[in-house]
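Fold and geometry: a report
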Amino acid sequence: MTKPEDPHDPSRWPLAGVRVIEVASQIAGPYATKLLVDAGAEVIKVEPSGGDPLRRWSASHTPLPDGRDGALFQYLNASKRSILADPSTPAGCEQVRELARGADLLVEDQGPGTFEKHGLDPSDLRAINPSLSIVSISNFGQTGPWADRPATEWTLQAAVGSTGYRGLPSRGPVAAGGRIGEWITGTFAAIGALSAWLSSRVAGQGQHVDVSMFEALVACMTIQHDLAGQFLGIPLTQALETPSIEPARDGWVGLCTYTGQQWKDFCSMIGRPELAKDERFYDATVRMENLEFIQEAMHAFTREHTIDEIIELATLLRIPAAPIGDGRNLPKMDHLSERGVFVTHPAGFLQPRPPFVYGRSTTRPIGPAPDLDEHGEEIRSELAAQGEERRPVGKPPELPLQGIRVVDLTCFWAGPVASSYLADMGADVIKVESTQRPDGMRFAHASRNERLWEWGNVFHGANSNKRDLTLNLESEEGMGLLLRLIERADLIIENFSARVLDNFGLSWEKLQDLNPRLVCVRMPAFGLDGPWRDRPGFAPNVEQVSGLAWMTGYDDLPLIVRGACDPLGGMHTAFAAMLALHHQRRTGEGQLLEVPLIEPALNIAAEQVIEYSAYGKYLSRSENRGPCAAPQGVYACAGDNAHIALAVTDDPQWNALVALMGRPAWARAEELSEASGRRARHDLIDEQLRAWFSDRPLEETVEAVLAAGIPASDVIDAHYLMPNPQLEHRGFFQTFSHPVTGPTRYPGCPALFSAFGPRLRRGPAPTLGQDNEEVLRTELGLTNEEIAKLREDKVIGERPTFM
């Protein structure tokens, strides 16, 4: 890689000079602004009396010394400044208004209508500062029939269908741990903020960005299941992936087989090649139906070998494999240690570094987190000096990447999600695949129809707004045409294994010589260097290594999250790519940008390493229980596959639940009146709640619990997410007519941009080679005869050569 510039030079920070006001607490808002401050922005954290509740937080409930903030708070709020100002008071409201006058961005999570109630209507704030963009984060969005519905990220997992398809049917649904939904939402808030700011730089006018956690979880915690439901028309079954996290002689080992070749090689590795001769077992659903038989075959091998032995053999066979990471072992892993992934926070604990490695830009060095109101006097002096001059009104905002040309070599999910967001923001994205090797996601989970390769639900969800060109890159003609496209491009993006681009002769040095302004985005699973450089890796392996799987599952069986790492990695990559394009526009410089899929995952799973490093506490999963609510669980109601997800986050909610149940004697015990007592007696509470819910109808019970002000949801089948009144109100889905699948409902972005129209998608996913003639003729100037010759020579085409 190119040696990065001096990180202490603010001129190399992409967002140097950008001022952000944060009126947010807990994880989502602070993580959004953490990504911005790491990129060089100045972030002023506005806190009420008592401060952000996260200051007193420890996931292990470790008592914190007076005056010492929790380590997770310090991780999320490093390098920020703090001022005490309560927006619910007239004085605090005026303080926020004055801060907004000189800001570029304001990020708030006060809830639907709360800012308006306090006299801080976004339109009023933008009247005094037209270039200001405001990002509002809430559970369901600012408006709609569910806007005020009680929820936590944990109950929202049930509401989108994530909880219902994870785990063993015999043991019940299980949600993902680690407050993952809050981190996901913060990621979308960050890229929404960046997109609005980049647009305002050109137009001079800001906008309101409305981020919904519910929609963020639809995007990241389901595997495009709504599209699968449309294509397959059958229920989604609860399942384990096989293989996945399996017992080794000395612990757990992570595996996955997403291609037929990987399954065939895995069967050979475990000494059961005959399994690969049974075509039924190439279907993961059939393997789940025969789980006991498959596990017996797998575990006869895995239990006799160590983790290192299994990974070494799997790697030789190009089978994706990984160790299972947790807060204790992650910093010791050779690959992560050699790459310097974990660094020391100024407070003394370990944390992951920002998940981007730039060639020319740099991220800001990690500074200390502020004490409450540490910078109040300083900031108030700055406000007194700024005056009341209003910024001029600019022209209406436009999509920030209009005119940007992207060559997209990505495949599967993470890379296509990243380039799809660039397309949403106005870039012209040309997806390059080949008829010899189409994007593998065209076939994954595909409906068994004619032209099978056009029915992959994940492919559809991750590739709209793109043009599709097929080029055989193993031919001289195909590679020559790709190089001509790259010569004209602003950005190229790929997510192959680290060695692939060099094997094509497309080294960074060659690309830089061809196009000095080019931004080259690379997304290998584990990075461009280090001991694991050449290991194959898919999202399940990243979940296995990062610690996300360690916090998810049953007490005796960790489970992969199934869905989060790919879109999360993709959105982090899109965020970093937009910063690199901003640097390109500002300086004329191209650069190499590396976003290994493992590093965004480590950032959102950071609490495990932080907690162990700071307090010596080893976090682990506890099925559906969690540190934020007690009781919290999934309980069966009357009927088949009828479950309610319930999370009691405070004492008033517990009192409401007790009243709803008719104030039974067991629930009125004194020790249950506080959260610590309820956590200690969770077994008793679960037993009683299972009995109480068991004969009650699901829908009526969920509505009654919600009416009592308690976060809850039915555990839905993700194939039947729609119809949903909240998603319909927000227009989250758009229907387009696809040439093969017909009218198809496509998911949108979890952020509504007030200036960009109701939704950002402009068309369906492309068919294979759909735009061959258009791109070759209009972009590269080829004649009809030349195009016909390319098709004859199978350099281009519209059908896989092996079908």
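Structure first, text after, so check above.
What you see is a predicted model, and the numbers here were worked out from it, not measured in a lab. (Residues numbered from 1 in each chain as written. Predicted model: local features only at pLDDT ≥ 70, side-chain atom pairs only at ≥ 80, totals over all residues. Heavy atoms only, no water.)

1. Describing helix α31 (residues 772-779)
Condition: Relative accessibility under 20% of the residue-type maximum defines a buried residue, over 50% an exposed one, and the middle range a partly exposed one, all with a 1.4 Å probe and only protein chains included. Each helix is a run of H or I in the DSSP string that is no shorter than four residues. Each strand is a run of E no shorter than two, and both are numbered from the N terminus. What the arc measures is the spread of directions leading from the helix axis to the C-beta atoms. Contacts are residue-level and defined by heavy atoms, with any inter-residue pair within 4.5 Å sufficient.
Within α31, the full set of buried residues consists of Asn772, Val775, Leu776 and Glu779. The buried side chains of α31 occupy one side of the element, clustering within an arc of 105 degrees when seen end-on. Against the buried residues of α31 lie β13 (405-408), β14 (428-433), β15 (467-470), α19 (476-488) and α32 (784-792). Positive backbone phi, at 75 degrees, marks Gly781, one or two positions downstream of α31.

2. Focus: the side chain of Ser82
So the rule is basically this: Think of a polar contact as two N or O atoms within 3.5 Å of one another; within protein, one of them needs to be a possible hydrogen donor and the other a possible acceptor, and neighboring residues in sequence only count if both atoms come from side chains.
Mapped onto the elements, Ser82 comes out in strand β3 (residues 81-84). The class for Ser82 is buried, based on a relative accessible area of 0%. Here Asp373 takes part through its backbone nitrogen, which lies 2.9 Å from a polar atom of the side chain of Ser82. Not counting chain neighbours up to four residues away, the residues in contact with Ser82 comprise Lys45, Glu47, Arg55, Pro370, Asp371, Leu372, Asp373, Glu374, His375, Gly376 and Ile379.

3. Focus on the pattern of salt bridges
Selection rule: Counted as salt bridges are all cases of a side-chain nitrogen of Lys or Arg within 4 Å of a carboxyl oxygen of Asp or Glu.
Overall, the coordinates contain 52 salt bridges when judged by the stated rule. With a closest N to O distance of 3.1 Å, Glu42 and Arg19 form a salt bridge. Highlighted residues: Glu42 in strand β2 (residues 42-47) and Arg19 in strand β1 (residues 19-23), separated in sequence by 23 residues. Two residues, Glu22 and Lys45, come together in a salt bridge whose shortest N-O distance is 2.4 Å. One end of the pair, Glu22, is in strand β1; the other, Lys45, is in strand β2, with 23 residues separating them in the sequence. The burial state of Glu22 is the same as that of Lys45; both residues are buried.

4. Here's the deal with helix α6 (residues 153-160)
Within α6, 8 of the 8 residues are buried, which leaves it mostly tucked inside the rest of the structure. By the burial criterion, the buried members of α6 are Glu153, Trp154, Thr155, Leu156, Gln157, Ala158, Ala159 and Val160. Considering only its buried residues, α6 is in contact with α7 (180-203), α8 (213-220), β21 (632-636), β22 (643-647) and β23 (712-714). At the C-terminal side of α6, Gly161 shows a positive phi close to 100 degrees.

5. Description of the packing of helix α3 (residues 90-101) against helix α16 (residues 376-386)
The cut-off we apply is this: A fitted line through C-alpha atoms serves as each axis, taken over the contacting stretch for helices, and the angle formed by two N-to-C directions is quoted from 0 to 180°. Should the near helix be turned anticlockwise from the far one by less than a right angle, the crossing is left-handed, and should it be turned clockwise, the crossing is right-handed.
Where α3 meets α16, the closest approach of the two axes is 10 Å, and the angle between their N-to-C directions is 65 degrees. Where α3 crosses over α16, the handedness of that crossing is left-handed. Residues Gln95, Glu98, Leu99 and Arg101 of α3 lie in contact with α16, whose contacting residues are Ile379, Arg380, Leu383 and Gln386.

6. A look at unusual backbone geometry
Residue Pro243 is bonded to the preceding Thr242 through a cis peptide linkage, with omega at -5 degrees. Of note, Pro243 is situated in the loop between α9 (225-232) and β7 (245-248). With an omega of 5 degrees, the peptide bond between Met722 and Pro723 qualifies as cis. Note that Pro723 resides in the loop between β23 and α30 (725-730). In this structure, Arg318 takes a positive phi of about 60 degrees despite not being glycine. With respect to the helices and strands, the residue Arg318 is situated in the loop between α14 (307-316) and β9 (321-323). One non-glycine residue, Arg663, adopts positive backbone phi at about 50 degrees. Among the secondary structure elements, Arg663 is positioned in the loop between α26 (651-660) and α27 (675-680).

7. Observations concerning the packing of α6 against α8
Filter applied, for reference: Should an angle fall under 35 degrees it is called roughly parallel, over 145 degrees roughly antiparallel, and 65 to 115 degrees roughly perpendicular, with every other angle called oblique. Only Asp, Glu, Lys and Arg are considered charged, only Ala, Val, Leu, Ile, Met, Phe, Trp, Tyr, Cys and Pro nonpolar, and every remaining residue, Gly among them, polar.
At a minimum axis distance of 9 Å, the contact between α6 and α8 shows a crossing angle of 55 degrees. Put simply, α6 runs oblique to α8. For the element pair α6 and α8, the recorded crossing hand is right-handed. Here Glu153, Leu156, Gln157, Ala159 and Val160 of α6 come into contact with α8, specifically with Met213, Phe214, Leu217 and Val218. For the contact of α6 with α8, the class distribution of residues is 7 nonpolar, 1 polar and 1 charged.

8. Topic: the sheet that holds β15
Working definition: the strands of a sheet are paired by backbone hydrogen bonds and lie parallel or antiparallel to each other. Heads up, the rule is: At least two DSSP bridges between two strands are required for those strands to pair.
The sheet built from 7 strands is open, its strands ordered β12-β20-β17-β16-β13-β14-β15 with mixed pairing. Bordering the open sheet on either side are β12 (357-358) and β15, each of which pairs with just one other strand. As judged from the 2 bridges shared by β12 and strand β20 (residues 591-594), these two strands associate in the antiparallel manner. By the bridge assignment for β20, Tyr358 is matched with Leu593.

9. Details of the side chain of Asn624
Among the secondary structure elements, Asn624 is positioned in the loop between α25 (607-615) and β21. A polar contact is formed between the side chain of Asn624 and the backbone oxygen of Pro173, at a distance of 3.0 Å. Other than its neighbours up to four places away in sequence, Asn624 contacts Trp154, Pro173, Val174, Ala175, Gln632, Gly633 and Val634.

10. Structural notes on the pairing of strand β4 (residues 105-108)
Every second residue of β4 is oriented toward a common face, with Leu105 and Val107 on one face and Leu106 and Glu108 on the other, all of them buried. With 4 bridges joining them, β1 and β4 adopt parallel strand pairing. Across the sheet, Val20 pairs through a bridge with Leu105, a residue of β4. Bridging between β4 and strand β5 (residues 133-138) involves 4 bridges; their strand directions are parallel. Across the sheet, Leu106 pairs through a bridge with Ile134, a residue of β5.

It is worth stressing that arrangement in space is one thing and function is another; only the former is reported here.
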